[in-house]
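# Coordinate analysis (summary)
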Amino acid sequence: MKILKTVVIITALSASLWNCTERIELELDSTYVRMVVEGSVTTDTMAHWVRLSVTSDYFYNQSAPAVTGAEVLIDDGDKIHVLMESDTLPGWYLTSPDYHGVPGRTYTLNIRNVDINQDGAMEEYNATSRMNPVNPIDSIQLEYFNTFFTGYQVRVWAWDSPDPDWYVFKVWKNAVLITDTLYELIVQDDQFFNGNYTYGIPSQFLSDDKPEEVVNVGDTITFEINGITEDYYNYIIEAQSQVFPQTPLFSGPPANIRSNIDNDAIGFFAAYSVNYSSTIATEDIVGGGKQ
Amino acid sequence: MRIPLVLTLYLLLSIFPLFADTEDETGPRYTISGYIKDASTGEELIGAAIMVQELNRGTVTNVYGFYSLSLPPGFYHLRISYVGYEMYEMAVNLNENLTQNIELKEDIQELEEVTIHAEGKQAHIRKAEMSVNKLPIKSIRRIPTLMGEVDVIKAIQLLPGVQASSEGASGFSVRGGNPDQNLILLDEATVYNASHLMGFFSVFNNDAIKDVKLYKGDIPADYGGRLSSLLDVRMKEGNLKKFSGSGGIGTVSSRLTLEGPIIKDKTSFLVAGRRTYADIFLLFAKDPDIRDNTLYFYDLNLKLNHIFNDKNRLFLSGYLGRDVYANPFAKMAFGNQTYSLRWNHLFSTRIFSNFSVIHSRYDYELGTPEGDANAFRWRSKMKDYSVKADLNFFITPEHTLKFGLISTFHDFEPGNAMGLGEQSLFTEFILPSNYAVENGVYVSAEQSFGERWNLRYGLRLSMFHNVGPGTIYNYDDDYIAIDSTVYGKADFYNTFVGLEPRAAVSFMINDVSSIKSSYSRTRQYVHLAQNSTAGTPLDVWFPSTPNVNPQISDQVALGYFRNLFNNRLEVSVETYYKKMSNAIDFKDHANLLLNRYMEGELRMGEATSYGLEILLRKNDGKLNGWISYTYSKTTREVAEINNGNPYAAPYDRPHDIAIVGNYEISRRIWVSANWVYSTGLPVTFPTGRFEYMGNIAPVYSNRNAYRMPDYHRLDLSVSFGSKPKPDRKWHWDLNFSVYNAYGRKNAWAINFVQDENDPNITYAEMTYLFPIIPALTWNFRF
């Protein structure tokens, strides 16, 4: 929720007058291994993927072990699509490149032929997600920003639909996704502005501190909006709250992140609609027009 | 209701003879009564002891400094004593009712440790009152503190059974309870949020405070509405004798208090103000964005006091405080206001009464400036309006009775947010207000039997009504709101009624030692929606409703009290066991702000706490202070949390030690130190991890399965004062203090961080707030 984020910024600022951080050594226990699923189906036509991995000890410090040799299927209510395991990326399973989802349909992911708990018996995992529609964007603008951080905010003009909506906002630079981690996603529900026009609300950010986000004259900046389900929205909110630093002032007790996969698995299988709007960074925008 | 009828009858029977004022079953009695005051300021002394030598009986003054003793006719020697004051002796020939106001002089001989006023010091041994700590404001002032700001709440956190909710926080946990289970009263008015600046400072300006008393379990029947404790803070009345002032210039704030008579010995006033100037330092910040920030808080205490005659006096008290943070993009402000008007009236020399009208409120607002698409304003507030009547009946020195009632109207406005300006995206979002009436009726008595037994017993009947207009959402078994019920104006649509018995007994083993035991039941009808440990200013208080049962606590305690070395050293050992039902916790990832269905985020269960508390205390002499040790254990069990298994409560700190010392090197130089140690707070850590969208996310242990590193800290201070001379009008002292003197890095938070260079690597990182923090404060009084 944006309102709360503002509060956190102000108060973090007042607390930052004092606080300091330091790396410490801790002994943590282990827990049993669980299946982890990350995957999505969108309205874009492309090879959609599902990544299967397993949990590890917290200080494992290597890439998550992949789950290979699984049978992965997506049922869109009309047809069952079989996903093929990638030759180059172990644990990644892909649809055919001409595949796309249809808003309003419900997608079911089915995973078989895996034995995560290594008891000799094969397990099966399922998840379903409905694909919600998303409104088109009228236009976006890039605006230079130089307080607290230096960079750009992406202002967005669009109508929010009269139905309840849950959004993810992403940003691309020259066809490269900038917001490629959970950290950088901005999620928003419309309970405080349902059915309203957005009037150029700042919806994503590019920071000059990160080399891949530095904007030069002529760069194409694309804003991506996703229409997601309430469940996926809550998943991202929960996941972000556990991945972002927590403080005794604002954070509740740490808690496990929800999942829509059954059989004690972790992660999320999401279906969502996608729309885009682009702008080109011109001289009067880059660096606030001073360059 | 049958019980109130029985109560009324009992009261009428025991009270009626008091109006007659002369005789009872033991023969004729006469009363000596009056106020005990400080000779230089006219301030009433709370808890001063009056001892009748011939009878080895006595009494202590009540919270208004009033005493009353009804004795058979005769010639008596009275001894009046109060810690830090010279003892006063007088002889009376009691053959008629006498009004005797007594003024005590401050004890300037204190350093030599010659005056031993045993009676005053033995009063706490005799009294059937336990789990109570009183801190003289004078000793609170000598405790070294963060940034040199003398703080009542930081001082009580050094007592056994009391712990800070988090480093530097004004929130505190009493015997394992939550911070919202403490009733904090300032001149009888509830203070809902006692913190400034994220809790690092409390709302109490010590220059305006006269007396602080903390009840940790055996809460008298006069008070109710909170489960764990009562912190009773009384403001000064204002000097009745002469115009005087006090103040200070400190590292973060300045204070000024002015007080004096408007009509000598009849009407007095007090005005006390404090303001921080952290924002002045911001002007020197390197970062221009920080320079534009506003960051301050202020407090204003006001008091007016008028004595009409020996039988009637009036007190008007007010407190206003506010915190403001602002930068060019956002603003946040919050604060308390409390007002109370009290009228003391003597119906007779044996019947003291107080009638109060009280208002308190807490509100906050945050928002962004108008003109942009995301401009908004968010406000929340709560208001209380109360009327209260308390009667004290001084039947005999062996028997006193109290009776009273209170009625409070609560108005909760949990939040409304709206866009600002035409270009704002946001629609108005209003959470419906809640209204409730909370009533309490009590009767309690103190009785002595023979030389050794003292008994205090009472009964409080509390009633809580939800009053329309109101909207109650109905929830299914999964806590999902299915529909709502709307109630009309003045509709008393839901009622809770409960009895709260309180009892304590003491047995004097000899003149200097006693055993005490107590039982108390408390009920709480308003609760705080807060699941972070340190707490934020964004408090949402909510009432019990058909969805939220009142919290109930039953507590038993047993203690041994002893004075050693000719009453110079007080020792107490107490054990307690407390069980709380309908204890409130919250579901995982609870959303408590601007949430229409906030009640659906609550999960209720049972909490249990037990502990052992040891206190060694030396109140006067060159070296004074205390050592406190607490061992305690607090667990919760809630069906939907931690798979229904018990878990350590958020404020469970098994071992807790505080050593507080003050030493007067000379009349002009004194040094103070305190050292605290406590087990780290319980915490949930990851036991596994998984990858999702480029980040590493945690898989957690059971709730609170780990502990933060142990907490310990040493604070020091040295003060240098003006030369004490009897005719000196202007006194000052300069105080230099160091918080966290040996620079312990106490973990405030522990986070798990993904390495920037290698995203596969995660490590633990602790955040600590305070390095060594020196501060200089200059105090004065005239």
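Residues numbered from 1 in each chain as written. Chains lettered and ligands numbered in written order. Predicted model: local features only at pLDDT ≥ 70, side-chain atom pairs only at ≥ 80, totals over all residues. Heavy atoms only, no water.

Residues and elements named next belong to chain A. Ordered by their spatial adjacency, three strands build an open sheet running β9-β10-β14, and the pairing between neighbours is antiparallel. The outermost strands of the open sheet, each flanked by one partner alone, are β9 (137-147) and β14 (201-207). Averaged over all adjacent pairs, the angle separating strand axes in this sheet is 25 degrees, with direction ignored. As defined by bridge partners, strand β10 (residues 149-158) adjoins β14 across six bridges and the pair is classed as antiparallel. The residue of β14 that forms the bridge with Val-154 is Gln-204. (Pairing = 2+ DSSP bridges. Helix = DSSP H or I, 4+ residues; strand = E, 2+ residues; numbered from the N terminus. Axes fitted to C-alpha atoms, helices over the stretch in contact; angles between N-to-C directions.)

Residues and elements named next belong to chain A. Domain annotation for chain A reports domain 1 (35-130) and domain 2 (133-255 + 273-289). Distance from the C-alpha centre of domain 1 to the C-alpha centre of domain 2: 27 Å. The partner domain 2 presents five residues to the six residues of domain 1 that form the contact. Here domain 1 packs against domain 2, burying approximately 430 Å² in sum over the two surfaces, 50% of which is carbon and sulfur. Seen at the junction of domain 1 and domain 2, the total is zero salt bridges. Here domain 1 is connected to domain 2 by two residue pairs in polar contact (both at pLDDT 80 or more). (Domains from an automatic or database assignment. Contact = heavy atoms within 4.5 Å. Buried area = accessible area lost by both parts, 1.4 Å probe. Salt bridge = Lys/Arg side-chain N within 4 Å of Asp/Glu carboxyl O. Polar contact = N/O pair within 3.5 Å; in protein donor to acceptor, adjacent residues only side chain to side chain.)

What follows deals with the interface of chain B and chain A. How big an interface is tends to be stated in terms of accessible area lost as the parts join. In this assembly, 79 residues from chain B lie in contact with 81 residues from chain A. Note on chain B versus chain A: buried area summed over both sides is about 7,600 Å², and carbon and sulfur give 65% of it. The closest approach of N and O atoms between Arg-23 of chain A and Asp-755 of chain B, which form a salt bridge, is 3.4 Å. Counting across the interface, chain B meets chain A through 29 residue pairs in polar contact (both at pLDDT 80 or more). Sorting the residues of the side of chain B that touches chain A by element identifies α6 (288-291), β25 (331-348), β27 (376-396), β46 (686-692), β47 (695-700), β51 (749-754) and β52 (762-768) of chain B as the ones contributing at least two each.

This brings us to the sheet that holds strand β8 (residues 88-94) of chain B. Residue and element names in this part refer to chain B. Spatially, the four strands line up as an open sheet ordered β5-β4-β7-β8, and their pairing is antiparallel. With one partner strand each, in any of the chains shown, β5 (57-60) and β8 form the two edges of the open sheet. The sheet shows a mean angle of 25 degrees between the axes of neighbouring strands, direction not considered. Note that strand β7 (residues 74-81) and β8 share seven bridges and pair antiparallel. Bridging from a neighbouring strand, His-77 pairs with Ala-91 of β8.

Turning our attention to the side chain of Gln-551 of chain B. Residues and elements named next belong to chain B. In this fold, Gln-551 is placed in strand β38 (residues 551-564). According to the relative accessible area criterion, Gln-551 is buried, its value standing at 2%. Engagement of the side chain of Gln-551 in a polar contact is seen with the side chain of His-527, the distance being 2.9 Å. If near-sequence neighbours (up to four positions away) are discounted, Gln-551 is found in contact with Gln-181, Leu-227, Thr-522, Arg-523, Gln-524, His-527, Ser-581, Asn-582, Ala-583 and Ile-584. (Buried < 20%, exposed > 50% of the residue type's maximum accessible area, 1.4 Å probe, protein only.)

The subject of this paragraph is the side chain of Asn-674 of chain B. Structurally, Asn-674 of chain B can be placed in strand β44 (residues 669-678). Those residues in contact with Asn-674 of chain B, other than ones at most four positions away along the chain, are Ile-143, Pro-144, Leu-158, Ile-659, Val-660, Arg-713, Leu-714 and Asp-715 of chain B.

A separate point is the domain arrangement of chain B. Residue and element names in this part refer to chain B. If you check the domain split of chain B, you get domain 1 (2-121) and domain 2 (132-617). A C-alpha centroid distance of 30 Å is found between domain 1 and domain 2. Each partner contributes residues to the interface: domain 1 has 47 residues there, and domain 2 has 50 residues. Carbon and sulfur atoms make up 55% of the surface buried where domain 1 meets domain 2, a total of about 4,300 Å² over both sides.

A few words on the pattern of salt bridges. Once the charged atoms of two side chains with opposite charge are near each other, the side chains can pair. Residue and element names in this part refer to chain B. In this structure the tally under the stated criterion is 55 salt bridges over all chains. Taking the shortest distance from any N to any O, the salt bridge between Lys-127 and Glu-129 comes out at 3.8 Å. Note on Lys-127: relative accessible area 24%, which makes it partly exposed. As a salt-bridge pair, Glu-129 and Lys-213 come within 3.5 Å of each other at their nearest N and O atoms. Residue Glu-129 is located in the loop between α2 (118-126) and β11 (132-136), and its partner Lys-213 is located in strand β18 (residues 209-215); the two are separated by 84 residues in the primary sequence. As far as burial versus exposure is concerned, Glu-129 and Lys-213 are alike and both buried. What you see here is one network of salt bridges that share partners, running through Glu-43, Asp-187, Lys-210, Glu-237, Lys-303 and Arg-342.

A few words now on the pairing of strand β32 (residues 470-475) of chain B. Residues and elements named next belong to chain B. Across six bridges, β32 lies against strand β33 (residues 481-487) in antiparallel orientation. Paired with Tyr-475 across the two strands is Ala-481, which belongs to β33. Hairpin connection of β32 to β33: five residues between the antiparallel strands, including Tyr-479 at a positive phi of 65 degrees.

On inspection of all chains with the given rule, the structure shows 48 aromatic pairs over all chains. Centre to centre, the rings of Tyr-58 of chain A and Phe-59 of chain A are 5.5 Å apart; their planes meet at 80 degrees, and the pair counts as edge-to-face. In this structure Phe-59 of chain A comes out as partly exposed when scored by relative accessible area, which is 31%. Arranged with centres 3.8 Å apart and planes meeting at 5 degrees, the rings of Tyr-487 of chain B and Tyr-493 of chain B form a pair that is stacked. By relative accessible area, Tyr-493 of chain B is classed as buried at 14%. Among the aromatic residues, those joined into a cluster by ring pairs are Tyr-35, Tyr-64, Phe-66, Phe-315, Phe-352 and Phe-394 of chain B. Lying over the aromatic face of Phe-315 of chain B, Arg-342 of chain B brings its terminal NZ or CZ to 5.2 Å of the ring centre. Lys-516 of chain B extends its terminal NZ or CZ atom over the ring of Phe-561 of chain B, reaching a point 4.4 Å from the ring centre. (Phe/Tyr/Trp six-rings, centres within 6.5 Å; stacked < 30°, edge-to-face > 60°. Lys NZ or Arg CZ within 6 Å of the ring centre and 35° of its normal.)

Before going further, it helps to spend a moment on the environment of Arg-313 of chain B. All names here are of chain B. Following the sequence through the fold, Arg-313 ends up in strand β24 (residues 312-326). As a C-alpha pair, Arg-313 and Lys-266 span 47 residues in sequence and 9.1 Å in three-dimensional space. When sequence neighbours within four positions are dropped, the list of residues in contact with Arg-313 reads Tyr-35, Glu-44, Asn-305, His-306, Ile-307, Phe-308, Arg-342, Trp-343 and Asn-344. Polar side-chain contacts of Arg-313 include one of 2.6 Å to the side chain of Glu-44.

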